[in-house]
Amino acid sequence: MLRSISLATSFLALVASSIAVAQVAPQANQQVIDLDTITVTAARAERSTAETPQSVQVVGREQIEEQLKFSPNAAAALGKLVPGYSAPTQTVSSASENYRGRDLLVMLDGVPLNTPLRDVSRILSLIDLNSVERIEVVSGASSLYGAGATGGTVNFITKKATDGKPTVTVNTAVRAFTQKIGRSLAPEAALTVSGKVPNGIDYLISGQMRGAGRTYDGSGRELPSDGLLGQGGGDRYKAGNLLAKLGYDFDASKRIELNGSLIAFDQDPKYLTNYAAPFARPERTQLYNGQSVMEDTKSLSLRYTDSDFVLGKLSVLGFYNDIKKRFNFSTFSYPYNSQVYYSFNPLAPTSPDNQTTLYSQRGGANVTIDTSLDRLLPGAKLTWGGDLIQEKTWQTLTSGQDVFTPLKQTTAAGFGQLQIPIGDRVVLRGGLRYEHFALSVSDYVRPAAYAAVAANNAQGFQSFVLPALNVTGGDFDYSALTANIGATVKLSESSEVFGGFSQGFALPDVGAFTRRAGISTAFACPVALPNCLPASRRSISYGSIAPEAQIVNNYELGVRGSYGAFKGSLSGYISTSEDGVTFDPVTNTLSQQKERIWGVEFVGDYAFTEQFSMGTVASFREGRYDTNGDGRLDSNLPNNRIGSPWRVMIHGTYRFVNGVSLRVEGEGFSERDEAIDLRGTRYKLKGAATMNVALTAPVFSGEAYVAVNNLFDRSYQNPTATSVRNLANYAWGRTVTLGFKKTF
């Protein structure tokens, strides 16, 4: 109770100080969010946000460095700074994290990092923010970069090489939970070297290494290593990143750049996880006996740009990703882990091979040409080009046996975006994109599984066997023509109204559907007769279980701008789909249905003086779907799609004349208790609020900092982690970071 009162008092103090200081006349135009920054993401060509008829947010280097003091996890930064993005799970996984209730396409320098044929969501937590110059986030469905952006697109733009002699930046930190400092130490170090040879190549090499000990909640309880079931945790790991960039300017207009990156992660859990209610926790009676949780992702890209190309500005990008992700070993535990690959021993039903590794190899080329149409209409531009991508994805048990049909896909697409100014105040933009997926599905045998459903007996469940099932594949084609159209209307030199319609096209997680082939009681056998199915029911075709390709329609209206010392944006949106994808963790099934999501987002910053600024990031979202296929949106979407409807972050920064700065953040999210089906099923998510503080000071020509997350060590449930399985997962307790950064 005292903690709650203290927290509420602090929040009130923060808000009250905002109101009080708002009476002070603005003395500076301190820029916290740059609304006019040039972006390359929104239209695949350089455009100012003022010309973009969608919500666009650019998180600059200063904001990235502020968030690095609190956490090295990119998902944590997006969760605070980008309205509409979920609260982070505080693990290596982004399971149930989403943007506006839908998928987020993640790119590094324009190279997609997702694995769309089997969406496993372990991406954001492994990106090294030390090497990132800015983060561009475009809201809403889009197909401009291909599949995956049904909720939005985020592009992490890495730093450019500096001119001249080598410049070195070192950033070191150690983090720990105040509950058990010695057991939770998490050191990290990052080094960036960049420079340019006179009249020669420019280069940037950035590396980071970090590790983590145990993690604790606000009550001092150790958190599990796999609370999200098979996704990996936030404890007992070692991780590393390496980025190397080499560039050469042929002349003032032509440039070629080679990028290579490596992402490595290795978690060594000590205990299995107990998934019994009331919350996920380490099972201290069972040592973890699986292989480590691992990531080994390599990426290589080559980009050529020519701003004096005969048809305009040319950009050609070729890339190749080689991705390997190994997940946790887990054992049968009813009800939350009620399906495991079968050992054929009813007394110990979990196969020792019940641990999977995902492999994905993806390569492609993107061509973008930005052509000026000044001769036809002054200021008009046509952006056009095409994409060709090939990918191969498969996932195996530790025995090497496939767990879903190995998949190959070739994506071919062409697009055109036309931008037309009308007078001095209006800019129209619209475009079309045609996309074709050629999907090849291999035959495979779904491994035998052991499963259980609820029953009125001493155990509380009835177990059964799902015999191995032959899944026959084939070749399948999906295609669609998607469109977008919108406009910006200038209200003043620094503000505009924007609005438009855009579509995203994606083929949902095919691997997840085929992995669950025949996972139902219709294909079940008694444990005593594990091979009871007649020959006529031992196979199933991909065509009978295949998901429908999904088109998402996004409608948005907003206003943004700067007025003196204030900068901000406010927007509302609605997104609809006839084939939305929802996962039910109780039945371990995926379904597609009609759905609608809507919300409101606000970002605002105000510089009261040259020393003091405050800001707010706030959002609301909700959604409904058709659970019985009658065309009526009869229920609210599950928590793993929406999570907490209301989220708000209030922050204030004071910069002292001696170079010391103090940042205070208050974060809060609302509860959710909505019926998610016609039976009235509810899984209540509890609301909570926390506070974070960071103090930075100049030391030895560098910058020393101390940051505290969850200042009052509040014990609360992480809303996103809890919504993955509707099993409570507690959030991190108070953590303290000590760090030092210097550039020379």
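Residues numbered from 1 in each chain as written. Predicted model: local features only at pLDDT ≥ 70, side-chain atom pairs only at ≥ 80, totals over all residues. Heavy atoms only, no water.

Q: Describe in detail the state of the cysteines, supporting the description with residues and values.
A: Scanning the entire structure with this criterion turns up one disulfide. Shown here is the disulfide that connects C525 with C532, its sulfur atoms set 2.1 Å apart. On the sign convention where negative means left-handed, the S-S torsion of about -95 degrees between C525 and C532 marks this disulfide as left-handed. On the basis of relative accessible area, C532 is assigned to the partly exposed category, the value being 36%. (Disulfide = S-S within 2.5 Å. Buried < 20%, exposed > 50% of the residue type's maximum accessible area, 1.4 Å probe, protein only.)

Q: For the packing of aromatic side chains, give the residues involved together with the corresponding values.
A: Counting across every chain of the model gives 21 aromatic pairs. Measuring from centroid to centroid gives 6.1 Å for F177 and Y216, while their planes differ by 70 degrees, and the two rings are edge-to-face. One end of the pair, F177, is in strand 8 (residues 167-177); the other, Y216, is in the loop between strand 10 (202-212) and strand 11 (237-249), with 39 residues separating them in the sequence. What makes F177 buried here is its relative accessible area of 4%. Judged by its relative accessible area of 2%, Y216 is buried. Note on Y248 and F250: the rings are 5.2 Å apart at their centroids and 85 degrees apart in plane angle, and the pair reads as edge-to-face. Look at Y248 and you get partly exposed, because its relative accessible area is 31%. In textbook terms, an aromatic cluster arises when at least three aromatic residues are bridged by ring pairs, as seen for F332, Y334, Y342, F344, Y450 and F461. The residue whose ring lies beneath K80 is F70, and the NZ or CZ to ring-centre distance is 4.0 Å. (Phe/Tyr/Trp six-rings, centres within 6.5 Å; stacked < 30°, edge-to-face > 60°. Helix = DSSP H or I, 4+ residues; strand = E, 2+ residues; numbered from the N terminus. Lys NZ or Arg CZ within 6 Å of the ring centre and 35° of its normal.)

Q: Quick one: what's the story with a nonpolar patch on the surface, residue by residue and with numbers?
A: On the surface, V197, I201, L246, Y248, F250, L258, L300 and L302 cluster together into a nonpolar patch covering about 690 Å² of accessible area. At the level of elements, strand 11 and strand 15 (293-309) are the ones that each hand at least two residues to the nonpolar patch. Checked against the element boundaries, I201 lands in the loop between strand 9 (186-196) and strand 10. Residue I201 is classed as partly exposed on the basis of its relative accessible area of 40%. (Patch = residues over 30% accessible without salt bridge, like charges linked within 9 Å, V, L, I, M, F, W, Y side chains within 5 Å. Areas by Shrake-Rupley, 256 points an atom, 1.4 Å probe, with all protein chains shown as cover. Salt bridge = Lys/Arg side-chain N within 4 Å of Asp/Glu carboxyl O.)

Q: Before we move on, can you summarise the pairing of strand 32 (residues 612-625) with the specific residues and values?
A: In terms of residue burial, strand 32 counts as a mostly covered element, since eleven of its 14 residues are buried. In this structure, strand 31 (residues 589-607) lies alongside strand 32, joined through 13 bridges in antiparallel fashion. The residue bridging Y606 from the neighbouring strand is M614, located in strand 32. In textbook terms, the turn of a hairpin is the stretch between consecutive antiparallel strands, and for strand 31 and strand 32 this stretch comprises four residues. Both strand 32 and strand 34 (residues 646-655) contribute to a ladder of nine bridges, which runs antiparallel. In the strand pairing of strand 34, F620 is matched with W646. Note that strand 32 and strand 33 (residues 635-636) share two bridges and pair antiparallel. If you follow R624 over to strand 33, its bridge partner there is N636. (Pairing = 2+ DSSP bridges.)

Q: Tell me what's going on with the nonpolar core, and back it up with residues and numbers.
A: Formed by 28 residues in total, the largest nonpolar core has its most connected members in L407, L439, Y478, L507, I540 and Y542. It is strand 21 (residues 426-441) that provides the largest number of residues to this core, a total of three residues. In this view, Y478 contacts E435, H436, F437, L439, F505, L507, Y542, A546, P547 and A549; residues no more than four positions away in its chain are not counted. Judged by nonpolar contacts, the second largest core, of 27 residues, contains I64, A74, V132 and I135. (Core = buried A, V, L, I, M, F, W, Y, C linked by side-chain atoms within 4.5 Å. Contact = heavy atoms within 4.5 Å.)

Q: So what's going on with the sheet that holds strand 6 (residues 132-139)? Which residues, and what values?
A: Taken together, five strands build an open sheet; the order of strands is 3-6-7-4-5 and the sheet is mixed. Here the strands that pair on one side only, and so sit at the sheet edges, are strand 3 (56-59) and strand 5 (111-112). Here five bridges tie strand 4 (residues 104-108) to strand 7 (residues 152-158), and the two strands are oriented parallel to one another. Residue pairing in the sheet places L104 in a bridge with G152 of strand 7. Docked against the sheet, helix 3 (residues 74-81) engages strand 3, strand 4, strand 6 and strand 7, running at close to 125 degrees with respect to strand 7. (Axes fitted to C-alpha atoms, helices over the stretch in contact; angles between N-to-C directions.)

Q: Let's hear about the pairing of strand 8: which residues, and what values?
A: Pairing of strand 8 with strand 9 involves nine bridges; the strand directions are antiparallel. Residue T167 lies in a different strand from strand 9, and its bridge partner there is S194. Pairing geometry for strand 8 and strand 38 (residues 735-743), over nine bridges, is antiparallel. What sits directly across from F177, in strand 38, is T735.

Q: Can you lay out the side chain of Q395 for me, pointing to particular residues and giving the numbers?
A: Within the secondary structure layout, Q395 lies in strand 19 (residues 381-397). A distance of 3.3 Å separates a polar atom in the side chain of Q395 from a polar atom in the side chain of R118. Within the structure, the side chain of Q395 is placed 2.8 Å from the side chain of T356, a separation counted as a polar contact. In this structure, Q395 is in contact with R118, F327, T356, T357, L358, Q401, D402, V403, F404 and R515, ignoring residues within four places of it in sequence. (Polar contact = N/O pair within 3.5 Å; in protein donor to acceptor, adjacent residues only side chain to side chain.)

Read these as geometric descriptors, not functional statements.
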